[in-house]
Amino acid sequence: MDSTIDSVTTNQSQHKRGLRIMSVNCRSLISSTKHLDLQNLIETHNPDIILGCESHLDPQIASSEVFPINYSNPYRKDRKLGEGGVFIAAKSDLITTEINIKTDCEIVWATLTVQGSFPIYIGSYYRRPSSKTDMIEELEKSIEQITSKVKNNMPHIILGGDFNLPDINWDNTTVNTNPQYGQEINSKLVEIVTENDFIQMVKEPTRGKNILDLILTNNPGLIERTQTQPGMSDHEIVITDINIKAKTQKKKPRNKHNDKYIRGILNEDSTNEEQKSLPWERNSWQYIKSRKKTHCQHINPRRTVPRTEVIDSKGKAAILNEQKDSVFTDEDKEYIAISFWETATSKT
């Protein structure tokens, strides 16, 4: 393990690198403690993409309960509560698309859109120790489906996860004598790696003295470095930095029309500078609510569905009340009213 990747180095060098992938064996993401463990890893290493296995989630657990908001739409393949499960979680500004693959193994695939190049196909895989050779064969089928999607060119693939096969010598891609889990299953993975021109990038143990968590790619030129770091289970995490620049989604500019309109109304009737500096976010609704009773002509005409113009005071007030009720809870309304009144009376 290289200890040079710490929180300071990682955050300070963020602008100098391309894309960072973090591969993590979670050993459950059900408890709040595990949520915090994942959050700490994210804050320390700032990955752009997370490849996770052994999430132990099921469809009844929403992603929003587990993942930080900027990784809020992960691609998941759950097994059942308390067992297995894989996911790919990407930062929300990256352009990714899940790929639906017909396979019985625990794997999920997604494409990442890259600037000035073909997309990268990223996979997250888990092989439970008790599984047989058929699960490795299912992995092979999923890779075949990925390669078949690209015409005339071999797709750029990065596949990570916990393969649970400790007796493959990755220096020469051969199987050790008397391997754990048997010769057949180990030889099948070596065959898949060889036939797809994959290179296994992890050179340090990820659990005990064994390399169980792998990063396979058919384009090693993309990889700047792959290193291990302490994880959130008895596995190390794998940090992989890639020499690419991903395309990002542009955030929609905020519509400031309503802000400007409300501020204008507030400033128009403020009697002094202190009143103009009141926290408008808190008092604006209560203020407009009071104005519509006596100054309804200052509120622009409203429309209802199907686009019927409303110009009378009572109709405008009803629509505004509906809009307020759709945004604020009863507690919000009470707080806004009390806060505005206390602040306003203290200034007079």
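Structure shown above.
Right, let's walk through the structure included here. (Residues numbered from 1 in each chain as written. Predicted model: local features only at pLDDT ≥ 70, side-chain atom pairs only at ≥ 80, totals over all residues. Heavy atoms only, no water.)

1. Comments concerning the sheet that holds strand β4 (residues 86–90)
- Across the sheet, six strands lie side by side as β3-β4-β2-β1-β14-β13; this open sheet has mixed pairing. At either end of the open sheet lies a strand with only one pairing partner, and these are β3 (75–77) and β13 (223–229). Taking each pair of neighbouring strands and ignoring which way they run, the sheet shows an average axis angle of 15°.
- Sheet topology places strand β1 (residues 19–25) next to strand β14 (residues 237–242); five bridges connect them, and they run antiparallel. Bridging from a neighbouring strand, I21 pairs with T240 of β14. (Pairing = 2+ DSSP bridges. Helix = DSSP H or I, 4+ residues; strand = E, 2+ residues; numbered from the N terminus. Axes fitted to C-alpha atoms, helices over the stretch in contact; angles between N-to-C directions.)

2. Brief notes about the nonpolar core
- In terms of nonpolar packing, the biggest core is built from 54 residues, with L19, I49, W109, L112, L139, L159 and L189 touching the most fellow members.
- Setting aside residues up to four positions removed in sequence, L159 forms contacts with I107, W109, G123, S124, Y125, L139, I143, L214, I215 and L216.
- Core analysis: the second largest hydrophobic core is formed by 18 residues, L29, L41, I50 and I61 among them. (Core = buried A, V, L, I, M, F, W, Y, C linked by side-chain atoms within 4.5 Å. Buried < 20%, exposed > 50% of the residue type's maximum accessible area, 1.4 Å probe, protein only. Contact = heavy atoms within 4.5 Å.)

3. Details of the packing of aromatic side chains
- Applying the stated criterion across every chain, the model contains two aromatic pairs.
- A ring pair is formed by F67 and F87, whose centres lie 5.0 Å apart and whose planes are at 70°; its orientation type is edge-to-face. In this pair, F67 sits in the loop between β2 (49–53) and β3 while F87 sits in strand β4, placing the two residues 20 residues apart along the sequence. Across the pair, F87 and F67 agree in class, each one buried.
- Ring centres 4.8 Å apart and planes at 45° place the aromatic pair Y125 and F163 in the tilted group. (Phe/Tyr/Trp six-rings, centres within 6.5 Å; stacked < 30°, edge-to-face > 60°.)

4. Observations regarding the side chain of S63
- By the element assignment, S63 lies in the loop between β2 and β3.
- A polar contact of 3.0 Å, which involves the side chain of S63, links it to the side chain of R76.
- Apart from the residues within four sequence positions on either side, S63 is in contact with S72, P74 and R76. (Polar contact = N/O pair within 3.5 Å; in protein donor to acceptor, adjacent residues only side chain to side chain.)

5. Some thoughts on helix α2 (residues 32–45)
- The end-to-end C-alpha separation of α2 is 20 Å, in line with the 20 Å expected for 14 residues at 1.5 Å each.
- Listed in full, the buried residues belonging to α2 are K34, H35, L38, L41, I42 and H45. Around the axis of α2, the buried residues are gathered within 125° of arc, so they sit on the same side. In α2, the exposed residues that point more than 90 degrees away from the buried face are S32 and T33.
- Taken from the residues just after α2, N46 is the one with a positive phi, measuring 50°. (Expected span 1.5 Å × (residues − 1). Arc of directions from axis to C-beta.)

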